[in-house]
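# Summary of the model geometry
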Amino acid sequence: MSASVVLDPVDLHLLRLLQNDARATYRDLAARVGVAPSTCLDRVNRLRRSGVIVGHRLRLDAAKLGRGLQALLSVQVRPHRRELVGPFVERIRALPEALTVFHLTGPEDYLVHVAVADMADLQRLVLDEFTARREVARVETRLIFQQWECGPLLPPGPPEGPLSPAARE
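What you see as residue numbers is a count from 1 along each chain, following the sequence as written. At least 70 in pLDDT is required for a residue's local features to be given in this predicted model, at least 80 for side-chain atom pairs to be given and counted, and no such filter applies to totals for whole chains, interfaces and linings, which use all residues. As a rule here, side-chain values cover all heavy atoms of the structure and leave hydrogens and water aside.

## Thoughts on helix α4 (residues 82-94)
In DSSP terms, a helix is any run of H or I states spanning at least four residues, a strand is any run of E spanning at least two, and both are numbered starting from the N terminus. In this scheme, a helix's expected span is set at 1.5 Å multiplied by one less than its residue total. Taking 1.5 Å as the rise per residue, α4 with 13 residues should run 18 Å; its terminal C-alpha atoms sit 18 Å apart, in good agreement. Relative accessible area decides the class of each residue, using a 1.4 Å probe on protein chains only: under 20% of the type maximum gives buried, over 50% gives exposed, and in between gives partly exposed. Residues of α4 that are buried: L84, V85, F88, V89 and I92. With its buried residues spanning 120° around the axis, α4 presents them on a single face. Among the exposed residues of α4, those pointing more than 90 degrees away from its buried face are R82, R93 and A94. Contacts are assigned to residue pairs that have any heavy atoms within 4.5 Å of one another. Contacts made by the buried residues of α4 are with β1 (69-77), β2 (98-103), β3 (110-116), α5 (119-131) and β4 (136-144). By definition, the arc is the one covered by directions from the helix axis to the C-beta atoms.

Structural data, given as structure tokens:
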């Protein structure tokens, strides 16, 4: 596990704002937090270097891209050894249908979130890309009827206006 990073109120305020609008300009962020734009830029860059900010993502609507059926695949790998696990995970991550891969404890080793066109496409994916692999002992499929986004990671914090001078120091 990586060590946590010490964040002050300005850092937390910037993160709260960025997690809800990653496209906000430094000028707008600086005004909302109450610091100079150059200070804002320096702080955001420091948060990136320290690994607190790990990237920016564009979210796409899978259904509008022809992948209206989503499922969770519980996968058991046997034997569960490092020399098999690495190549298995890399192969799954390379699949265009795979959205997320989780390594788990318990009876299943992996949970894979996939988006496919339809049931026939899901069947092809399970048979050709999962159960056809020697190390895959079992796959259970669960269809996703609906999903909701959760979060944000940081709960709402200080008021939307600039922080007090004491908090900025």
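The rest of the description comes next.
## A short note on the side chain of E108
Relative to the assigned elements, E108 resides in the loop between β2 and β3. According to the relative accessible area criterion, E108 is buried, its value standing at 18%. Within the structure, E108 has its side chain in polar contact with the side chain of R138 (distance 2.5 Å). Residues within four places of E108 in sequence aside, it is in contact with S74, V75, R138 and E140. Throughout this description, a polar contact denotes any pair of N or O atoms lying within 3.5 Å of each other; where both atoms belong to protein, one of them has to be capable of donating a hydrogen while the other can accept it, and for residues adjacent in sequence the pair is counted only when both atoms sit in side chains.

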